[in-house]
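# Summary of structural features
Here's the letter readout for the chains.
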Amino acid sequence: MVERPAGVDSPPSRPVRDTLPLYAVAAVVTVLVLAPLAAPGYALLYDMVFVPRQPLSWDLVAPAQSLPRAVPMDALVSLITQLVPGWLVQRLVLGGAVLLAAVGAGRLVPTDRRAVRLFAAVAYAWTPYLAERLLIGQWGLLLAYAALPWLVRAALDLRAGRDGALARLVLAAAPAAITPTGGLIALGTVLLLVSDRTQPRRSALALAGVGILNTPWVIAALVTGAGGSSDPAGVAAFMARSENWAGPLVALAGTGGIWSAQATPASRAAPLVPLATLVLLILAAVGAGLLRRRLPPGAAVRLGVLAGIGCLLAAFGVLPGGDALLRWAVVHLPGAGLLRDGQKFLAPYALLLVVCAALGAERLVARVDREVAGVVLVGLLFLPVAVMPDLAFGGAGRLRPVSYPADWQAVAERVSSEPGEILALPLGAYRAYPWNPGRVVLDPAPRYLPGTVLTDDTLWVGDIAVAGENPRLREVRSVVAEGRPLSATGVRWVVVQHQLPGQVDPATLRDLQVVHEGPFLTLYRNQAILPEPAPPGHGAWAVVMALGAALLVVMAAAISALHRRPTAW
């Protein structure tokens, strides 16, 4: 076939008959992965917490005493669920993430062969990276993963000077920037792919646009009372881990290696998995030259640098001396705690690996008969599913929707009438509820109950306790440990969650009035504290202004893209 140096899907756009199979395959993959979500309710798994209507509280917009790990994600969910129920939001974001990841990867491959695009779509939507981040509940990172191929495509178009590329770039970066990690990946992608000394204005506009999208979490980090340091124990807890006999570096090479064994599909422990990784790496090596020739000059190298940086960050904790350097950094460098779970930054590598492997498959089948080529491509199409079949049906049933007990809504309504600080007991960051059997989930109280909710921020990873950063929690934890009355802590409400591991000392609850008692929750009121909402500080308003600026940039980009106005960029 004729190679196209212009690269990625140059205008005019492809006919519907060429794009329809790609969308159809992407839809089938999405249904196969998320099939259990056809049932009503909420899939609650580790960090994935959705509630019927998330309150728009100041602590979700700009956490006053904790690091902004979910800024501006929580604020956006709170806004959306004022209009759309949480169960629908969950299905839209998860379905959109898998679907757009598959379509984006398929469209990014510089080829005219439909089967090659379909292979890239399936491979990118069925990586261990996607599976592990889905099973640990980090749906915000999945949106960044899904947006990445669209962002790369827009960046290449912008560098080539195509009309409307800047608007598309901002729109592609927007879903990535709802979390700090995704925002950094988007910013790094734009910095490496768009920067051009011959076009400084174009580069500056792109970087400024994506930079504004990142300002909400940056400002929230600057104004929080939690400080910028993290517990160095988290370096050992969150470093990449081995999934089979081949070790952590091979796991990372296959886009896996997440720190949590519970979030790893069981199939990743199979002894033949490293062999499948080797096959993928060989295909990628074969296709790398084709990618370099078909993309604009220097683009493939820039993508390689981006992927290489991601690999280095992912593997840094397991490299000689890397763990010691990370422990020093998380204590002395503000914000370095983001690097503890370095495997998150593998997304650019996963994309480049899949695109190169797809082109390697194209080169492979070009050397054989047409009939044999079809069989080979079909086999490669099903290879990711065959190697990791337990991603299907919501990770073999782990994404199983449940309903919240009626206690939760009753307590939320009672608390909303008398605003004040809320303490959730027994202390613990994650909960194993009997009504959510077989799964552990982040305490839903901060997202279900209106107001500032205090939940324990100490995270246990095996035998390692990773301390949180919230100074207010340290005060409350001391009172609970000593068995002193909680009425002296200044909290207005105490919610005791039942049928959970851990006990609540009755002595800590004396002087508190029971206002709701149910099978799952008991709500106590501290009558010594008046019901008055805490006024937001100047820092919180700064975050709101940053979020407003980011939304204005996205709206402007959307209007520009809809009107398809020619630009000078």
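Residues numbered from 1 in each chain as written. Predicted model: local features only at pLDDT ≥ 70, side-chain atom pairs only at ≥ 80, totals over all residues. Heavy atoms only, no water.

We now examine the sheet that holds strand E8 (residues 513-517). Here 5 strands make up an open sheet; going across it, the order is E4-E1-E7-E9-E8 and the pairing mixed. Every interior strand has two partners, whereas the edge strands, strand E4 (453-454) and E8, have only one. One ladder, built from 4 bridges, connects strand E1 (residues 422-425) with strand E7 (residues 493-497); its direction is parallel. Residue pairing across strands places Ala 424 opposite Val 495, the latter belonging to E7. Packed onto the sheet, helix H19 (residues 406-416) meets E1, E7, E8 and strand E9 (521-525) and runs at close to 15° relative to E9. (Pairing = 2+ DSSP bridges. Helix = DSSP H or I, 4+ residues; strand = E, 2+ residues; numbered from the N terminus. Contact = heavy atoms within 4.5 Å. Axes fitted to C-alpha atoms, helices over the stretch in contact; angles between N-to-C directions.)

The next subject is the packing of aromatic side chains. Taken as a whole, this structure holds 13 aromatic pairs when the rule is applied. Taken together, the ring pairs in this structure connect Tyr 42, Tyr 404, Trp 408, Tyr 433, Trp 435 and Tyr 448 into an aromatic cluster. The ring of Trp 493 carries Arg 492 above its face, with NZ or CZ at 5.5 Å from the centroid. (Phe/Tyr/Trp six-rings, centres within 6.5 Å; stacked < 30°, edge-to-face > 60°. Lys NZ or Arg CZ within 6 Å of the ring centre and 35° of its normal.)

Next up on the list: helix H17 (residues 370-387). In an α-helix, one full turn covers 3.6 residues, which means residues spaced three or four apart are oriented alike. Relative to the 26 Å expected for 18 residues at 1.5 Å per residue, H17 spans 26 Å between its end C-alpha atoms, a close match to the ideal helical length. At Leu 381, H17 shows its strongest bend, of approximately 30°, with the proline Pro 384 following within four residues. What H17 keeps buried is the set Ala 373, Leu 377, Leu 380, Leu 381 and Pro 384. Turning to H17, the residues buried within the fold contact helix H5 (114-125), helix H13 (273-294) and helix H16 (347-365). (Expected span 1.5 Å × (residues − 1). Bend = angle between axes of the 7 residues up to and from the residue. Buried < 20%, exposed > 50% of the residue type's maximum accessible area, 1.4 Å probe, protein only.)

What follows covers the environment of Arg 168. Here Arg 168 shows up in helix H8 (residues 165-176). It is 34 Å that separates the C-alpha atoms of Arg 168 and Ala 240, two residues lying 72 residues apart in sequence. Among residues more than four places away in sequence, those in contact with Arg 168 are Ala 154, Asp 157 and Asp 163. A polar contact of 3.2 Å, which involves the side chain of Arg 168, links it to the side chain of Asp 157. Of the polar contacts made by the side chain of Arg 168, one reaches the backbone oxygen of Asp 163; its length is 3.3 Å. (Polar contact = N/O pair within 3.5 Å; in protein donor to acceptor, adjacent residues only side chain to side chain.)

The next point concerns a nonpolar patch on the surface. On the surface, a nonpolar cluster with roughly 530 Å² of combined accessible area is contributed by Leu 272, Leu 275, Leu 278, Val 279, Ile 282 and Val 286. The topology assignment puts Leu 278 in helix H13. For Leu 278, a relative accessible area of 44% translates into the label partly exposed. (Patch = residues over 30% accessible without salt bridge, like charges linked within 9 Å, V, L, I, M, F, W, Y side chains within 5 Å. Areas by Shrake-Rupley, 256 points an atom, 1.4 Å probe, with all protein chains shown as cover. Salt bridge = Lys/Arg side-chain N within 4 Å of Asp/Glu carboxyl O.)

So, on to the nonpolar core. In terms of nonpolar packing, the biggest core is built from 147 residues, with Leu 94, Tyr 124, Leu 134, Trp 139, Leu 169, Tyr 404 and Leu 449 touching the most fellow members. Here the element with the most residues in this core is helix H7 (residues 139-159); it accounts for 15 residues. Sequence-distant contacts of Leu 449, that is, excluding residues within four places in its chain, are made with Pro 55, Trp 408, Val 411, Ala 412, Ile 422 and Val 495. Of all hydrophobic cores here, the second largest spans 14 residues; its members include Leu 473, Val 496, Val 504 and Tyr 524. (Core = buried A, V, L, I, M, F, W, Y, C linked by side-chain atoms within 4.5 Å.)

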